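A look at the structure
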Amino acid sequence: MNEEEFWKLVESSGSPDKCSPDEQCERITEQLSGKSKEELVSFANIHREMLSKAYTWPMLKASFIILSYISDDAFEDFRNWVILNGKQRFYETLESPDKIASYIQVQDPVEEVTGEALLYVCDEAWDGDIEDLEEEYVYPKDPLIEEDWPSENELKQEFPELYDQFWDEENVRTLN
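Residues numbered from 1 in each chain as written. Predicted model: local features only at pLDDT ≥ 70, side-chain atom pairs only at ≥ 80, totals over all residues. Heavy atoms only, no water.

**Concerning the nonpolar core**
Threshold: Residues grouped as a nonpolar core are buried Ala, Val, Leu, Ile, Met, Phe, Trp, Tyr and Cys residues, joined through side-chain atoms within 4.5 Å. Summary of the burial criterion: residues with accessible area below 20% of their type's maximum are buried, those above 50% are exposed, and those between are partly exposed, where the area comes from a 1.4 Å probe applied to protein chains only. Counting from the N terminus, the helices are DSSP H or I runs at least four residues long and the strands are E runs at least two residues long. By the convention used here, residues are in contact when the closest approach between their heavy atoms is within 4.5 Å.
In terms of nonpolar packing, the biggest core is built from 53 residues, with Ile28, Leu32, Phe43, Ile66 and Leu162 touching the most fellow members. Elements supplying a minimum of two residues to this core: helix 1 (3–11), helix 2 (21–32), helix 3 (37–53), helix 4 (57–67), helix 5 (72–84), helix 8 (121–125) and helix 11 (160–166). A per-element tally of this core places helix 4 first, with 8 residues. Beyond its immediate stretch of four places on either side in the chain, Leu162 contacts Ala62, Ile65, Ile66, Pro97, Asp98, Ile100, Ala101 and Trp167.

**Some thoughts on the packing of aromatic side chains**
What counts here: A pair of aromatic rings is counted whenever rings of Phe, Tyr or Trp (Trp by its six-membered ring) have centres within 6.5 Å, and the orientation is called stacked for planes under 30 degrees apart, edge-to-face for over 60 and tilted otherwise. Lysine and arginine charges are scored as sitting over a ring when NZ or CZ, respectively, is within 6 Å of the ring centre and within 35 degrees of the ring normal.
On inspection of all chains with the given rule, the structure shows 14 aromatic pairs. When the centroid spacing of 6.0 Å and the interplanar angle of 20 degrees are considered together, the rings of Trp81 and Tyr103 count as stacked. On the criterion of sequence distance, the pair formed by Trp81 in helix 5 and Tyr103 in the loop between helix 6 (87–95) and helix 7 (109–112) is long-range, its members being 22 residues apart. This pair shows no difference in class: Trp81 is buried, exactly as Tyr103 is. Grouped by ring-pair contacts, the aromatic residues Phe6, Trp7, Phe43, Phe90 and Tyr91 constitute a single cluster. One cation-aromatic arrangement involves Arg79 over Phe75; the distance from NZ or CZ to the ring centre is 4.6 Å.

Right, dumping it as structure tokens:
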């Protein structure tokens, strides 16, 4: 499986603005069922590569604005959700995370902007021992982000659309 096939499979499952991310992941799991070990490992490794590409300082800040908090798990779930939006949106969002505001359609970001289930589609599609798959997974090293956290005003200037749509002063928790 190559990156184009990965994206075709993701996009054929729907998108978060048409169905829930969990429903998408169920469809992806169904499509992966019966695939060879090599294909599943390839899908998982491409997925991890996309997660790593999305591990950027601007994406972290955008995630914070949308969710009103940040953690390793929340940021990973957010990046999975961006992947579930398909190739075009994924790469546009990497270029300018404020573009999320043009396609995000959620009532409760904390509950709906998640793609955690994408982490498990290959494991669920595989009918063998999960360790057989996992021993061949490649885990790219996430970059180290050593920036000072921006002020609220800096976030508003960098992400005006997301800020206007999602900033929730009451829910914002500090990173300390």
